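One-letter residues, chain by chain:
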Amino acid sequence: MENAVKSRLQSVQFGEVQTFKNIAILPLIAPAEGTFQYRTLGEALATSDIAITEVSAGGSVPELMVVNRGSKCVLLIDGEELAGAKQNRVLNTSILIKEVSETKIPVSCTEQGRWSYASMAFSESGNVMAYKSRSKKTRSVQCSLEAGGTPTSDQGEVWHGIAELQAQARAPSPTSAMSDVYKAREDDLRKCDEIFKSVPNQVGLLAFIAGEPAGADMVSLASAYAKLHPKLVRSYTLEALLVQPKPGEDGLDAQAKPALADGITARAKAFLAEVLAAEERQFPSVGHGTDHRYKSKALAGTALVHENEVIHAAFFRLDETEQPERMASYRHRRRFTV
């Protein structure tokens, strides 16, 4: 494993476990912040320093154009959703957009039923793709990088994941938009917002569903993480809230919570140890830095490294349907372009 990623994972500290129903969030605290400075998508859009549009009037499903007029880099994180233009999209990988630049970025569609302009430019939807779909996308993008060097997703798989999410949430959408599921569950998600607050010096989170690790996200700057925290939390809690409790159970009762918290640290250490042991490959990034990819039998991960700092990293537990021996060969997967 590359030294910057290994050092970051080994140095991270755990905050106090936060719990709600079948969900536990373990804050990840950094003993020291990174020094490389950048802005988040929301910050750059708020000052109009960045503009994101279709690549042309006709558009192309798997690509968008980003124009950065500012003198600072802008971080777009894997799974972050952009709303508007001809259809909503999510980032296929984390990208550090260069200063004063024009960059084509790889994306996936999260609104299958629309291909007409809602606006000329994209805005921040406020969502990050739900973690199960994101984990599958992470693995399919790695397959694409290994096969042809391009960060392309399995678009059919993305649409299938959104359809499953809509069915689970009982949230039909006229355009099959992922964002409509989040809107339909806004009341439940707001409760999670109130419980899972960011804490001082937090740079990431490790999410547990029903006591088992689901995934982790971390960035290099606590100030950037504070802005990303709400939508990262929602990317894990949305699907967790849709899980039906076992007979006689209703999430985590008062007696179960302390026992869960006691075991979280051990499970967290085991999960990070698994990440450290995962196979690593490196690929050129679309923007600044290097795209690191990680995989094992039951794990998929990605890390964007620039100037020896881990700008953003995400690691996911794969369920049985996502594990390599059960996944279709990438060369047989469908790609969708317009």
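Since this is a predicted model, take the numbers as computed values, not measurements.

## Re the overall build of the protein
Right, so step 1: Assigned secondary structure in the protein consists of eight helices and 18 strands.
Right, so step 2: Out of the 338 residues belonging to the protein, those deemed buried represent 56%.
Right, so step 3: The contacts of the protein with a sequence gap of at least 6 include a subset with a gap of at least 24, amounting to 67%.
Right, so step 4: In the structure as shown, the protein presents an accessible area of about 14,100 Å², 49% of it carried by carbon and sulfur atoms.

## Remarks on helix 4 (residues 155–169)
Right, so step 1: A rise of 1.5 Å per residue sets the reference length of helix 4, with its 15 residues, at 21 Å; its end C-alpha atoms lie 21 Å apart and thus fit the reference within 8%.
Right, so step 2: Looking at helix 4, one finds that the buried residues are Gln155, Gly156, Val158, Trp159, Gly161, Ile162, Leu165, Gln166 and Ala169.
Right, so step 3: Buried residues along helix 4 sit in contact with strand 11 (101–109), helix 3 (131–148), helix 5 (178–184) and helix 7 (222–242).
Right, so step 4: Backbone nitrogen of Gly156 and a side-chain oxygen of the N-cap are separated by 3.3 Å at the start of helix 4; the cap is Asp154.
Right, so step 5: Arg170 sits one or two positions beyond helix 4 and adopts a positive phi of about 55°.

## Details of the sheet that holds strand 10 (residues 95–97)
Each strand in a sheet pairs with another by means of backbone hydrogen bonds, the pair being arranged parallel or else antiparallel.
Right, so step 1: What the three strands build is an open sheet, ordered 4-7-10; its pairing is mixed. Strands at the two margins of the open sheet, each flanked by one partner only, are strand 4 (39–40) and strand 10.
Right, so step 2: Pairing of strand 7 (residues 74–76) with strand 10 involves three bridges; the strand directions are antiparallel. Residue pairing in the sheet places Leu76 in a bridge with Ile95 of strand 10.

## Here we look at the environment of Glu33
Right, so step 1: Its location among the elements puts Glu33 in the loop between strand 3 (23–29) and strand 4.
Right, so step 2: A distance of 2.4 Å separates the side chain of Glu33 from the backbone nitrogen of Ala222, its partner in a polar contact.

## Some remarks on the nonpolar core
Right, so step 1: The biggest cluster of nonpolar side chains holds 45 residues, and the ones touching the most others in it are Ile23, Tyr38, Leu75, Leu96 and Leu205.
Right, so step 2: With ten residues, the top contributor of residues to this core is helix 7.
Right, so step 3: Leave out the neighbours within four places in its chain, and Leu75 touches Tyr38, Arg39, Thr40, Leu41, Glu80, Ile95, Leu96, Val219, Leu304, Ile311 and His312.

## Some points on the packing of aromatic side chains
Right, so step 1: In this structure the tally under the stated criterion is two aromatic pairs.
Right, so step 2: Measuring from ring centre to ring centre gives 5.5 Å for Tyr131 and Tyr236, while their planes differ by 25°; the resulting arrangement is stacked. Of this pair, Tyr131 sits in helix 3 while Tyr236 sits in helix 7, and the two are 105 residues apart along the sequence.

## Topic: the packing of helix 6 (residues 186–195) against helix 7
Right, so step 1: Packing of helix 6 against helix 7 brings their axes to within 10 Å, and their N-to-C directions diverge by 125°. On the basis of the axis angle, helix 6 is oblique to helix 7. The way helix 6 lies across helix 7 gives a crossing that is right-handed. Each of Glu186, Asp188, Leu189, Arg190, Cys192 and Asp193 in helix 6 lies in contact with helix 7, whose residues at this interface are Pro230, Arg234, Thr237, Leu238 and Leu241.
Right, so step 2: Looking at the contact of helix 6 with helix 7 residue by residue, the class counts come to five nonpolar, one polar and five charged.

## A few points about the sheet that holds strand 12 (residues 122–128)
Right, so step 1: Read from one edge of the open sheet, six strands run 5-6-11-9-8-12, paired in antiparallel fashion. In this open sheet, the two edge strands, each paired with only one partner strand, are strand 5 (50–54) and strand 12. Ignoring strand direction, the axes of neighbouring strands in this sheet form an average angle of 40°.
Right, so step 2: Bridge count for strand 8 (residues 80–84) against strand 12 is four bridges, and the pairing is antiparallel. Note on strand 12: the bridge partner recorded for Ala83 is Ser123.

## A few points about the confidence of the model for the protein
Right, so step 1: For the protein, mean pLDDT is 91; residues scoring 70 or higher make up 88% of the total.
Right, so step 2: Within the model, pLDDT remains below 50 along residues 248–255, and this stretch shows nine contacts once partners closer than five positions in the same chain are excluded.
Right, so step 3: For residues 325–338, every residue scores under 50 in pLDDT, and the model assigns this stretch 34 contacts once sequence neighbours within four places are set aside.

## Some details on the pattern of salt bridges
Side-chain pairing between opposite charges can occur once the charged atoms of the two side chains come close.
Right, so step 1: Across all of its chains, the model carries 19 salt bridges by this definition.
Right, so step 2: In this structure, the salt-bridge partner of Glu43 is Lys227, at a minimum N-O distance of 3.5 Å. Remark: Lys227 occurs in helix 7 and Glu43 occurs in helix 2 (residues 41–46); sequence separation between them is 184 residues.
Right, so step 3: Among the charged side chains, a network of salt bridges with common partners joins Glu186, Asp187, Arg190, Asp193 and Arg234.

## A look at the pairing of strand 16 (residues 290–296)
Right, so step 1: Both strand 15 (residues 279–284) and strand 16 contribute to a ladder of six bridges, which runs antiparallel. Along strand 16, the bridge assignment pairs Phe283 with Asp291.
Right, so step 2: As consecutive antiparallel partners, strand 15 and strand 16 are separated by five residues, and within that stretch Gly289 has a phi angle of approximately 90°, a positive value.
Right, so step 3: Direction of pairing for strand 16 relative to strand 17 (residues 299–306): antiparallel, over a ladder of seven bridges. Residue pairing for strand 17: Ser296 is matched across the bridge by Leu299.
Right, so step 4: Counting the residues in the hairpin turn of strand 16 and strand 17 gives two residues.

Calculation notes
All residue numbers refer to positions counted from 1 along the written sequence of the respective chain. Local features are withheld for residues below a pLDDT of 70 in this predicted model, meaning they are given only at 70 or higher, and side-chain atom pairs are given and counted only at 80 or more; totals for whole chains, interfaces and linings count all residues. To obtain the side-chain values, all non-hydrogen atoms of the structure were used and water was disregarded. We count a stretch as a helix when DSSP gives it H or I for four or more residues in a row; a strand needs E for two or more, and each element gets its number in order from the N terminus. The classification of residues rests on relative accessible area computed with a 1.4 Å probe and restricted to protein chains. Under 20% of the type maximum is buried, over 50% is exposed, and intermediate values are partly exposed. By the convention used here, residues are in contact when the closest approach between their heavy atoms is within 4.5 Å. Per-residue accessibility takes into account occlusion by the displayed protein chains alone, with areas from the Shrake-Rupley method and a 1.4 Å probe. Here the expected span of a helix is defined as 1.5 Å times the quantity of residues minus one. Any N or O atom pair separated by 3.5 Å or less is treated as a polar contact, with the protein-specific requirement of one donor-capable and one acceptor-capable atom, and with residues adjacent in sequence counted only for side-chain atom pairs. A pair of strands is treated as paired once DSSP finds two or more bridges between them. Only buried Ala, Val, Leu, Ile, Met, Phe, Trp, Tyr and Cys residues count toward a nonpolar core, and they belong to the same one when joined by side-chain atoms within 4.5 Å. Pairing of aromatic rings covers Phe, Tyr and the six-membered ring of Trp, with a centre-to-centre limit of 6.5 Å; geometry is then stacked below 30 degrees between planes, edge-to-face above 60, and tilted otherwise. Interaxial angles span 0 to 180 degrees and are taken between N-to-C directions of axes, which are lines fitted to C-alpha atoms, for helices over the stretch in contact. Angular relationships are summarised with four words: roughly parallel below 35 degrees, roughly antiparallel beyond 145, roughly perpendicular across 65 to 115, and oblique for the angles in between. Note on convention: the crossing is left-handed when the near helix lies turned anticlockwise from the far helix by less than a right angle, right-handed when the turn is clockwise. Under the scheme applied, nonpolar residues are Ala, Val, Leu, Ile, Met, Phe, Trp, Tyr, Cys and Pro; charged residues are Asp, Glu, Lys and Arg; polar residues are all the others, including Gly. The pLDDT score gives, residue by residue, the confidence of the prediction method on a 0 to 100 scale. Salt bridges, as used here, are contacts in which a Lys or Arg side-chain nitrogen is within 4 Å of a carboxyl oxygen on Asp or Glu.

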